[in-house]
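Geometric and topological summary
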Amino acid sequence: AEELPIARVRGRFRDAVDRPIDGVRAELQSSGPWRDGVELPRVERDGYDVPAYSATSGVDGSFYFEVPVPTSDWVMLHVAADPYYGIVGRDFGHAGGRKQPPIVEGDNDLGDIVLPVTGVITGVVTDRAGVPLERATVMLEGNYPGGFVVSAQTDALGRYELGHVPPGPTRIEARHKHHLLEEKPGPVAVARRTLEGPSFELEPAPRIAGIVVDEDDAPLAGLHIWGWPVGSGRGAGATTGDDGRFVIVLPQDEPYMLEVNRDTRFVPWGGRRDPAARISPGTLDVRIQLERAERLEVRVVDAGSGEPIEEFSIDVRGDKASGRVRMGEHDGGVAEVSASPGSHELVVKSPGYAPATVPVDHDESPADGAIGTQTVRLTLGATITGRVTVG
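First, a word on what this report is: a plain description of the structure on this page. Just so it is clear, the structure is predicted and the values come from calculations on it, not from any experiment. (Residues numbered from 1 in each chain as written. Predicted model: local features only at pLDDT ≥ 70, side-chain atom pairs only at ≥ 80, totals over all residues. Heavy atoms only, no water.)

Counting its regular elements, the chain contains zero helices and 32 strands. Taken along the three principal axes of its C-alpha coordinates, the chain extends 70 × 60 × 50 Å. Within the chain, the fraction of its 391 residues that count as buried is 43%. Restricting the contact set of the chain to residue pairs at least 6 apart, pairs at least 24 apart contribute 63%. Looking at the chain as shown, the accessible area adds up to about 21,200 Å², and 48% of this sits on carbon and sulfur atoms. (Helix = DSSP H or I, 4+ residues; strand = E, 2+ residues; numbered from the N terminus. Buried < 20%, exposed > 50% of the residue type's maximum accessible area, 1.4 Å probe, protein only. Contact = heavy atoms within 4.5 Å. Areas by Shrake-Rupley, 256 points an atom, 1.4 Å probe, with all protein chains shown as cover.)

Here is the structure:
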């Protein structure tokens, strides 16, 4: 077997006054596969089974990983400390515009990682009749230190222990399957103290239900319906069953604007601009009829040589545009989208090439029932380099 290159990742946990923190668990995980042929071990996090490498800090606060060099373009370090320390993390790789240095072969010293001191808030979540709700989610609202969500789940008695709460005023949200979410002001959190927080009595949630069919009234399975409240707040959705039917449990008791736009086989339906997509809570006979979208095979080539370009993305713009082709490798420089002449245009991007925006126009008229094709030719782009200094 081929010997994999190895990365050594190390760092040290410190508190705000530079004291080492032992017993802190650090986890390394990736978005997508870590590396071809490498399967990550499983660790338990907040009641879920997560693929990740795990290491725990010693008495000097240091932690150490020795792992295969990842090829994923996004690797995350997640720090799971006790509830009286804040949640921190690091990102590695360029995915999502982060453009952070990747983990490389050999030594990767992350230096000192400072954990802020935090507090804990406790309370109870029940239903309207006072029955404890197990596995209700309680979240700290309006405060995401370091971009991390502070949340906890209730136990069998409905009690929650919300740790990692930064000192200061708090607002807390509780939600549970089949119940309306509720927000309440919490206590002013104090570092290294546990305070009693609000109790919640959640109301049963209203529902929206219906069926999704095609142009021939045949039920459509596996389609995702999503909705947003007409004002503001939390969205909700569902997936159709084999009979095309769906049930959406609403987290808020107000009309929702539904939409179906994640399947490029069909023309997008609904959204905020469609009055017919505004559905009141308790409506159980919604009927959504989808129109099949016209498919287009896009061939992306180098304008000079005519050779296929295999790394690209495509955005479709225009009336009822559906979906996009994400940046990635496409065999032979070919990808399919839903787009039609006279209604849509394509925006094609590839590293090293100038972006191209072109109207949909078939290379030649397709035969009846055949998919249309269009060739998009990209010209080489320029690169600008420079240096940014401070002071």
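Having seen the model, we can carry on.
Throughout the structure, instances matching the rule amount to five aromatic pairs. Here Phe13 and Phe63 contribute two aromatic rings whose centre-to-centre distance is 4.8 Å and whose plane-to-plane angle is 25 degrees, an arrangement assigned as stacked. Pair noted here: Phe13 is in strand β1 (residues 6-14) and Phe63 is in strand β6 (residues 62-68), with a separation of 50 residues, a long-range link. Note on Phe13: relative accessible area 0%, which makes it buried. In this structure Phe63 comes out as buried when scored by relative accessible area, which is 3%. Here the aromatic rings of Phe63 and Phe65 are separated by 6.1 Å at their centres, their planes lie at 75 degrees, and the arrangement is edge-to-face. Per residue, the accessibility class of Phe63 equals that of Phe65, and both read buried. Members of the aromatic cluster, joined through ring pairs, are Phe13, Phe63 and Phe65. (Phe/Tyr/Trp six-rings, centres within 6.5 Å; stacked < 30°, edge-to-face > 60°.)

Next up on the list: the pattern of salt bridges. Evaluated as defined, the whole model comprises 20 salt bridges. In this structure, Arg19 and Asp15 form a salt bridge, with 2.7 Å as the shortest nitrogen-oxygen distance. Among the residues examined, Arg19 registers a relative accessible area of 53% and is labelled exposed. A salt bridge links Arg295 to Glu336, with the nearest nitrogen and oxygen atoms 3.2 Å apart. Placement of Arg295 in strand β26 (residues 295-302) and of Glu336 in strand β29 (residues 334-338) is noted, with a sequence separation of 41 residues between them. (Salt bridge = Lys/Arg side-chain N within 4 Å of Asp/Glu carboxyl O.)

Looking now at a negative patch on the surface. Together, Glu310, Glu311, Glu329 and Asp331 line one region of the surface with negative charge. One can find Asp331 in the loop between β28 (324-329) and β29. (Patch = residues over 30% accessible without salt bridge, like charges linked within 9 Å, V, L, I, M, F, W, Y side chains within 5 Å. Lys, Arg positive; Asp, Glu negative; His and termini not counted. Charge placed at Lys NZ, Arg CZ, Asp CG, Glu CD.)

Next up on the list: the environment of Ile211. Take Ile211: it is sitting in strand β18 (residues 207-213). Between the C-alpha atom of Ile211 and that of Thr240, which follows or precedes it by 29 residues, the distance is 7.5 Å. Aside from chain neighbours lying at most four places away, what touches Ile211 is Asp243, Gly244, Arg245, Phe246, Val286, Arg287 and Ile288.

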